[in-house]
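One letter stands for each residue in the lines below.
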Amino acid sequence: MAQDSVGLSSDYQFWMQKVSTWDQASTVETQQDTCLHLPRFQEFLRQMYEALKEMGLLCHVLSAFRFDIREVGLFTQGLGYAPADYYPGLLKNMVLSLVSELRENHLNGFNTQRRMTPERVRALSRVCVPLITLPDFEPLVEALLTCHGCEPQEVLWPEFFDAVSEAFLLKKISLPTSAVVCLWLRHLPSLEKAMLHLFEKLISSERNFLRIERFVRDSSLPEAACHPAIFRIVDETFRYALLETDGAPEILATIQVFTRCFLEALEKENKQLKFALRTYFPYASPSLVTALLQHPKDIPQGLWHQSLQHISEMLREIVEDQTHGSYGGPSDCWFAFIHFGGWADVAAEQLLRSEADPPEAVLWLLAFSYSPRDGSQQRAQTMEEVKAVLGRLLKLLRSPGFSARDVQAAAGQSREEAPRPLECGPLIRRLLLNFLLWAPGAHAIAQEVITLMAPTREITHEITGFLDQTLYRWDHLCTAAPASRKLASELLTELRGQV
Amino acid sequence: MESLLQQLARFSEVLAVSRTPHVSTWDPATVRRALQWARYLRHVHRRFGRHARIRTALERRLQSQWRQDSGSGPAPDPGLTNFQALGRCDLVLALRLLQNRALREAVWHALLQQVFPGPGVPGADEETLQGRLAHLARRRAAVHVLRLHGYQESPVVQEDALLKTQAELLLGRLRERAGAQAEGPGGLLSGLWERGPQDNFLKVLAAALLLPPPSPRPQEEETGPGTPNTPGEGHHELLRWLLGKADILAAFCRRLPAGVVAGVAGRHPELSRVYLGLLADWGRHLHYDLQRGVWVGAESQAVPWEELYGRFQSLCQAPPPLKDEVRTALESWKAQDGDFEVPGLSIWTDLLLALGTGT
């Protein structure tokens, strides 16, 4: 313990010397030296500030130790107790008593005899602000959030919400879901901050489904979103983020993870009052949402194509319907669709794993999921292209052996030209990758093909994202063949190592 | 073992001295040694916490030591009073020294450096002396802040936080004593009464007697004095002592509000009998003033009619069997007096008339 103060004081000597050197000369060298040392100096100043603040505060508070509650002090002294012995218990009992008063207030909201006047509740919430990170206060904070009387206006002190929100996001206080829901419903900025906090964490780390899942679960958003108002706000925020980033894969991934966690939380909810699906997805028809909600793992693999057909038909009907019906248009139903990313992945896989002619419905679905805004002519063209590539790839499968160049040709590049990087859209790339993972003879050349496919960082990024997502999905569905899984895992490690 | 006990005794002396002006003779080395010693004893607490035999032996020695010290003098020195206290002895020592003006300035600075070395490893803060002092300071500040803004005294004594805490501590001590097979709580309780303030003591007694009955709970090693205790046999000890002290009992029944005494009487039948006896006695000391048409007392400290009525009213509002016992008693006293129905002849008649037929 003493070493820390020694450390700080030797640092102090060091910095005093440094500062006086900087002060005396102003050559290029000293300017460079200053720039180099600035961050460390800042850190040192911060440490000094913390140390002084703590000591100053402590001395100040300790000197106030004289102001004890006289009767309690005398009594406990007579029992042989010191303040250190009874203050924790006293605080606990005070909090307990206030919490039960607040609960009573909540239950007998219309009883004018209650002792907890709105002014007192307000004063209490104000008092909590500097003490919010004291663990003993957690029950009080929870009670203030969840127990409300019958006043139409907000009774709690505004800074109270800010303080709780910040402490909660920084994990300095832990609150049950019911309290968090109340916080976010009563104070919208707190919910906004929670979402921003999540985005910040997502941006600052590499796209990794496991990590995304951890961040999303940590945020308490899935559980809170069981309340439709919160779900709608979160969903709209995601939608805007998607629009602003032109459909960034990271946002898509987050939406999918969030939706999955949300559905899990919804299932666990034992509330009598269960909201209809359309409260959460008002922009999509209930039959579409019900179809999308089905998790592939709940349906036998042999019947997946049926579900795909069904979903595709419903989407197509909405998209091609000029009158737009009573629900949203193409962009709305696409947005609903991408919540449940599993089906697009299943579609891509199914196309490659069946020998038969690719069903048009599945082709349409895949084309739609990658380019929702295409006109019908453009989409038809894409479907033709995909069909052609599929045909060539399946032919390769039937041949005794094939090389990376063969694959390149199958993707649509002419053979005669000099070897150059493979140019194709993300949809074709996805098909190629699926092919590499599933085709028995492809393991040997997989790395080579990928090298051909990925000349830019964006594409490498896209491929690592795809591999990560595939592994994540396989682990949840338990459908991976061991060899495929091993290959995907190796490729992913290789690519990540390159970046 | 013997050496450990000796060290305990000597550290207790150091702890006692730390509050006195004698510390003006201390130098930084003394402070350092004292704190080290406290750390060592804290380590003993951790080490032997689960060692029933050693723990009991230490507990006994500490309790007997404290009883010896507290027997004489106006205020006992709350030093090491039980095994639990060993876990906090460095905190207690540090606080005493920090508040002791008699320390020389150089020694005071050395103390500050020892106790507040500054920011260390984050996360380890909780366990360091500095961290625990900071935590205590925060909690103390919290209590005072709550008292000023938001906390209100509760009329229900066993729910009022201050009274409830004191009651829990009292019962905890009594239970400890019972566990250590020491002699009865008489000395402790009488000491508290004599030292006062008496009104507070009476309220705490009531709160202690009204705390909910114990729920079966596995014995926990680390229940500190500050955590809510189950009343246990403390109730019996307390009641027995109170019933044996006629003057304190009278004060209890007289000075506490009617509702509170009624509550305690409802929970403890032995007390209800004594209470009724007192009420009868107080009632008989009143006589009827014909001119004013009221019952008055001869001396100034006689219980006035209003109060008597109020107390009986509370008792009649208590749940059965107390309510019925009170009615029965009133009826029988009225009968003894001559069973008059006319007011002004027997106070019991008048009381029954005032109380009405109410069930």
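The paragraphs below set out a description of the structure included in this document. (Residues numbered from 1 in each chain as written. Chains lettered and ligands numbered in written order. Predicted model: local features only at pLDDT ≥ 70, side-chain atom pairs only at ≥ 80, totals over all residues. Heavy atoms only, no water.)

## Focus on the overall build of chain A
Summing up its helical and strand segments, chain A has 25 helices and 0 strands in all. Per-residue burial for chain A yields a buried fraction of 47% across its 499 residues. Intrachain contacts of chain A at a sequence separation of at least 6 include 68% that bridge at least 24 residues. Roughly 25,300 Å² of accessible area belongs to chain A as shown, and the carbon and sulfur atoms make up 56% of that amount. (Helix = DSSP H or I, 4+ residues; strand = E, 2+ residues; numbered from the N terminus. Buried < 20%, exposed > 50% of the residue type's maximum accessible area, 1.4 Å probe, protein only. Contact = heavy atoms within 4.5 Å. Areas by Shrake-Rupley, 256 points an atom, 1.4 Å probe, with all protein chains shown as cover.)

## Observations concerning the interface of chain A and chain B
Chain A puts 56 residues into the contact, and the matching count from chain B is 61 residues. Summed over both sides, the interface between chain A and chain B buries roughly 5,600 Å², with carbon and sulfur atoms accounting for 69% of that surface. In this structure, the connection of chain A to chain B is made through 2 salt bridges. Taken together, the links from chain A to chain B amount to 10 residue pairs in polar contact (both at pLDDT 80 or more). Mapped onto the side of chain A that touches chain B, the elements with two or more residues apiece are helix 1 (2-24), helix 2 (28-63), helix 3 (70-79), helix 4 (83-107) and helix 5 (118-128) of chain A. No other element matches helix 4 of chain A, which puts 16 residues into the side of chain A that touches chain B. Residues that form the side of chain A that touches chain B fall into these classes: 35 nonpolar, 10 polar and 11 charged. (Buried area = accessible area lost by both parts, 1.4 Å probe. Salt bridge = Lys/Arg side-chain N within 4 Å of Asp/Glu carboxyl O. Polar contact = N/O pair within 3.5 Å; in protein donor to acceptor, adjacent residues only side chain to side chain. Nonpolar A, V, L, I, M, F, W, Y, C, P; charged D, E, K, R; others polar.)

## Describing the environment of A:Asp235
Within the secondary structure layout, A:Asp235 lies in helix 12 (residues 228-244). With sequence-adjacent residues up to four places away left out, A:Asp235 is seen in contact with A:Tyr283, A:Phe335 and A:His339.

## A word on unusual backbone geometry
Look at the link from B:Pro320 to B:Pro321: it is a cis peptide, with omega at 5 degrees. Despite not being glycine, A:Ser220 shows a phi value in the positive range, around 65 degrees. Look at A:Ser220 and you get buried, because its relative accessible area is 16%. The phi dihedral of A:Asp246 is positive, around 55 degrees, even though this residue is not glycine.

## As for helix 18 (residues 342-353) of chain A
End to end, helix 18 of chain A covers 16 Å across 12 residues, agreeing with the expected 16 Å (1.5 Å per residue, within 8%). Extensive coverage of helix 18 of chain A is indicated by the burial of 9 of its 12 residues. (Expected span 1.5 Å × (residues − 1).)

## A word on the nonpolar core
The biggest cluster of nonpolar side chains holds 265 residues, and the ones touching the most others in it are A:Leu140, B:Phe252 and B:Phe312. Among all residues touching A:Leu140, those that are not within four sequence positions of it are A:Val95, A:Leu98, A:Val99, A:Leu102, A:Leu124, A:Cys128 and B:Leu146. If you look at the next biggest cluster of nonpolar residues, it comprises 6 residues, including A:Leu8, A:Trp22, A:Phe44 and A:Ala51. (Core = buried A, V, L, I, M, F, W, Y, C linked by side-chain atoms within 4.5 Å.)

## Things to note about the pattern of salt bridges
In this structure the tally under the stated criterion is 31 salt bridges over all chains. Between A:Arg217 and A:Glu264 there is a salt bridge whose closest N-O contact spans 3.3 Å. Here A:Arg217, found in helix 10 (residues 209-218), pairs with A:Glu264, found in helix 13 (residues 249-268); they are 47 residues apart in sequence, far enough to count as distant. Here B:Arg311 and B:Glu307 are joined by a salt bridge, their closest N and O atoms 3.1 Å apart. Taken together, the residues B:Arg311 and B:Glu307, both in helix 15 (residues 305-316) and 4 residues apart, mark about one turn of the helix.

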